[in-house]
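Chain and residue survey
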Amino acid sequence: MAEDFRSRFRVLTDGSDTPLGADHHIFIGPQHPWAEEPAHFIIHLKGERVVEANIRIGFNLRGMEKAMEARTWRQNTMLIPRACGICSAVHQNVYVRLVERLAGIEDQVSERAKLIRMFSCEAERVHSHMLWYGILAHDAGFDTLFHVTWRDREIIMDIVEDISGNRVNPALMLIGGVKRDLPKEKADKARPMINDLIKQVEYHKKVFTEETSIVNRLENVGVLTKEDAKKVTPNGPTARGSGLPYDIRKTFPYELYDDIDWNVVYYTEGDVLATTLVRLDETLESLRMLNQILDRLETASGELLQRVKPRISEGKYMTRAEAPRGEDIHYGIANGTDKPERYKIRAPSLGNIDATLKRMDGEYIADMPVILRSYDPCFSCTNRVMIINQSTGEKKIMGQDEFARRAIKAKKYNRPFF
Amino acid sequence: MSKKKLLVMGREVIKNQAKGPVTLHISERLEKHPPPEDIRTIPRIIEEKCIMCGTCVKVCPTHCLWMEKDDKDNGMIWLLRPQCMWCGHCQTYCPKDAIHIDREPSLSVSLFSFNVRQDYEMICAKGSFKGEKAEKKLAEVIEEGAKTIKEIEEFRS
């Protein structure tokens, strides 16, 4: 299996790792009108068919993990949702569960707090998926659907805004519970809106399955078979579209996901249409879960916030959760003070890149935007890796001061940085 | 095209004509769709309840709060408004419930205005710090902020 696998991540820029048989090379990014994200795609073509597609990442290192070491556990609760623009609640959920485990209070979190956390996560999944299949329709040249889905997305955004006070970044979770309650008036206000949205999403699904102009663009495009999927290890909806029914909420349940009635959605076709349908069905499933959570909140009781001491005792732990894009993994080490010793985030997009570029093999170049969009690229949370080109074998460690001084000098005397 | 399809399309056209445009002007939209009641903006401190313990300054993730104090009755706290991200940590962790989050929606658009006089705000001044001392400190931090902005602009040009 290891011999078949060739990683799509590239470091060299001199073209020495070009695959055989390619006669044209197309470079996309880091700045490109198609992608909002800073990634460099290298697509090797023979005629109109793709031989191999590669990627270079690491254009946007924000140094968040290092920044977390300088802040306390409490302050980091508000820094961690900034890891991703869309799936902020899930990052915060993983973080607070990690810290609760390290502090030894994971059993004391009340049922009500857990339900509100789940509501936040599921509402986020709904708006993330709706955003994604809107953009997919736009990439496939069906702008009407793009406008329709984004109009309907406002319904769930209004619910999130009403409950948390913010549209995209609810930031409801805290170590030991949640920040705000979800009172009955707001639940009653949200219920008819959710039911409206269910009807709208069913309509979107009807368009995606019956409208020939979009089905022809997506069906049998970028097929990733189950055998291939096992080699390149995708996660989240990308894996579930290829017949791997793997969902962290079901396989390793956290919060109260095992108490709520829901099903894992998966398709076996493996093409882009299958991943789209996975996300559409998951949106419906999440909306039904939102209704269930609101019903359970009427009777659920308990304190919203447990008191946690600012100092976290020594230890290390890993938590994971199902983000809208896939599996989100956090790993943290505590050293007994109020600040983390080390913190590491593995965001889902990184695991999906290899699988998506595998889809490109043998496809037409015209299908490239749709296939590259299929895994919901989100590099703001992936780019936490710095790759150093060591062609000369020379290593140099540069401190922050020297780095800043060099930058200022380069700017002042108008000369190159290195 | 079949007759039935034409009829369906015609109905849609007439319906949309009667409904008018879906897109609204921003001012019109704000009238019909006001911001939620629980919108989060900058913190406010009730001076009588505040004991100048400094918890809000310690838990603030963006370091937008500063404090100067003699004892629990004499002190002041000031805020750099654009740096505040309205997370509400100060409200959550305040031991005396002295802090609440302002719900005035117009405050929620306070990005860096590059007008330092608006950016800094003395949100709490108690005892001997009230009045002259607080005003003097505010003028000082505004001057410092203006210097920083000048440096940034010089570096950019």
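The shown structure was predicted, so the numbers you read here are calculated from the model rather than taken from an experiment. (Residues numbered from 1 in each chain as written. Chains lettered and ligands numbered in written order. Predicted model: local features only at pLDDT ≥ 70, side-chain atom pairs only at ≥ 80, totals over all residues. Heavy atoms only, no water.)

**Topic: the overall build of chain A**
Heads up, the rule is: Each helix corresponds to a stretch of at least 4 residues labelled H or I by DSSP, and each strand to a stretch of at least 2 residues labelled E; elements are numbered beginning at the N terminus. The classification of residues rests on relative accessible area computed with a 1.4 Å probe and restricted to protein chains. Under 20% of the type maximum is buried, over 50% is exposed, and intermediate values are partly exposed. Any pair of residues with heavy atoms lying within 4.5 Å of one another is described as a contacting pair. Note on areas: Shrake-Rupley, 1.4 Å probe, and residue coverage restricted to the protein chains presented here.
Assigned secondary structure in chain A consists of 15 helices and eight strands. Counting only residues that meet the buried cut, chain A has 55% of its 418 residues in that class. The long-range fraction of contacts in chain A, counting pairs at least 24 apart against all pairs at least 6 apart in sequence, stands at 71%. Carbon and sulfur atoms make up 51% of the accessible area of chain A, which amounts to about 18500 Å² in all.

**Side note on unusual backbone geometry**
All names here are of chain A. Non-glycine residue Asn 220 carries a positive phi angle of around 55°. Despite not being glycine, Thr 233 has its phi angle at roughly 45°, a positive value. Relative to the helices and strands, Thr 233 is located in the loop between helix H8 (226-232) and helix H9 (237-241). Since its relative accessible area comes to 51%, Thr 233 is described here as exposed.

**Side note on the nonpolar core**
For clarity, the cut-off: Within this scheme, the nonpolar core is defined by two criteria: the residues are buried Ala, Val, Leu, Ile, Met, Phe, Trp, Tyr or Cys, and they are joined through side-chain atoms within 4.5 Å.
In this structure, Phe 41, Tyr 95 and Phe 208 of chain A are the most contacted members of the largest nonpolar core, which totals 101 residues. Judged by nonpolar contacts, the second largest core, of 19 residues, contains Cys 56, Leu 79, Cys 94 and Ile 123 of chain B.

**With respect to the packing of helix H6 (residues 184-210) of chain A against helix H11 (residues 272-299) of chain A**
Residue and element names in this part refer to chain A. The test is simple: Axis definition: a line fitted to C-alpha atoms, limited for helices to the stretch in contact. Angles are taken between N-to-C directions and run from 0 to 180 degrees. Any angle that is under 35 degrees is reported as roughly parallel, and any over 145 degrees as roughly antiparallel; angles of 65 to 115 degrees are reported as roughly perpendicular and all others as oblique. Should the near helix be turned counterclockwise from the far one by less than a right angle, the crossing is left-handed, whereas a clockwise turn marks it as right-handed. Just so you know the grouping, Ala, Val, Leu, Ile, Met, Phe, Trp, Tyr, Cys and Pro go in nonpolar, Asp, Glu, Lys and Arg go in charged, and all remaining residues, Gly too, go in polar.
Between H6 and H11, the least distance of the axes is 10 Å, while the angle of their chain directions is 160°. By the criterion of interaxial angle, the relationship of H6 to H11 is roughly antiparallel. You can see that H6 and H11 cross each other, and the crossing is left-handed. By residue class, the composition of the contact of H6 with H11 is 14 nonpolar, six polar and eight charged.

**Topic: the pattern of salt bridges**
Test applied: Salt bridges, as used here, are contacts in which a Lys or Arg side-chain nitrogen is within 4 Å of a carboxyl oxygen on Asp or Glu.
As enumerated under the stated definition, the model contains 33 salt bridges over all chains in all. For Lys 137 of chain B, the salt bridge goes to Glu 68 of chain B, with nearest N and O atoms at 3.3 Å. Linking Lys 137 of chain B in helix H6 (residues 132-156) with Glu 68 of chain B in strand S2 (residues 65-71), this pair joins segments that are 69 residues apart in sequence. Overall, the relative accessible area of 29% leaves Glu 68 of chain B in the partly exposed class. Because the salt bridges share partners, they merge into one network encompassing Glu 122, Arg 125, Arg 240, Asp 247, Arg 249, Glu 282 and Glu 322 of chain A.

**Brief notes about the confidence of the model for chain A**
What counts here: In predicted models, pLDDT denotes the confidence assigned by the predictor to each residue on a 0 to 100 scale.
Taken over all residues, the pLDDT of chain A has a mean of 86, while the share at 70 or more is 89%. Every residue in residues 383-387 of chain A scores below 50 in pLDDT, and together they form 18 contacts with partners more than four places removed in sequence or on other chains.

**Re the sheet that holds strand S8 (residues 340-346) of chain A**
Residue and element names in this part refer to chain A. For the record, the criterion: For two strands to pair, DSSP has to find at least two bridges joining them.
Taking strand neighbours across the sheet as the criterion, the three strands line up as S6-S7-S8 in an open arrangement whose pairing is antiparallel. The open sheet has two edge strands, strand S6 (315-323) and S8, and neither has a second partner. Neighbour to neighbour, the strand axes of the sheet diverge by 15° on average, direction disregarded. Those strands touched by helix H3 (residues 88-103) are S6, strand S7 (326-334) and S8, and its axis lies near 150° from that of S6.

**Description of the sheet that holds strand S3 (residues 49-56) of chain A**
Residues and elements named next belong to chain A. Taken in spatial order, the three strands line up as S1-S2-S3 in an open sheet, and their pairing is antiparallel. A strand with exactly one partner marks an edge of an open sheet, and here the two such strands are strand S1 (24-28) and S3. Adjacent strand axes in the sheet meet at a mean angle of 20° when their direction is disregarded. Bridge analysis of strand S2 (residues 40-46) against S3 gives seven bridges, and the strand direction is antiparallel. Paired with Leu 45 across the two strands is Val 50, which belongs to S3.

**Looking at the environment of Ser 349 of chain A**
Residue and element names in this part refer to chain A. As for its position among the elements, Ser 349 is in helix H12 (residues 348-359). Looking at Ser 349, the relative accessible area reads 0%, which means it is buried. Separated by 28 residues in sequence, Ser 349 and Pro 377 have C-alpha atoms that sit 6.2 Å apart.

**Quick look at the side chain of Thr 149 of chain A**
All names here are of chain A. Here Thr 149 shows up in helix H5 (residues 143-164). Using a relative accessible area of 0% as the deciding quantity, one classes Thr 149 as buried. Excluding its chain neighbours within four sequence positions, the residues that come into contact with Thr 149 are Met 130, Tyr 133, Gly 134 and His 204.

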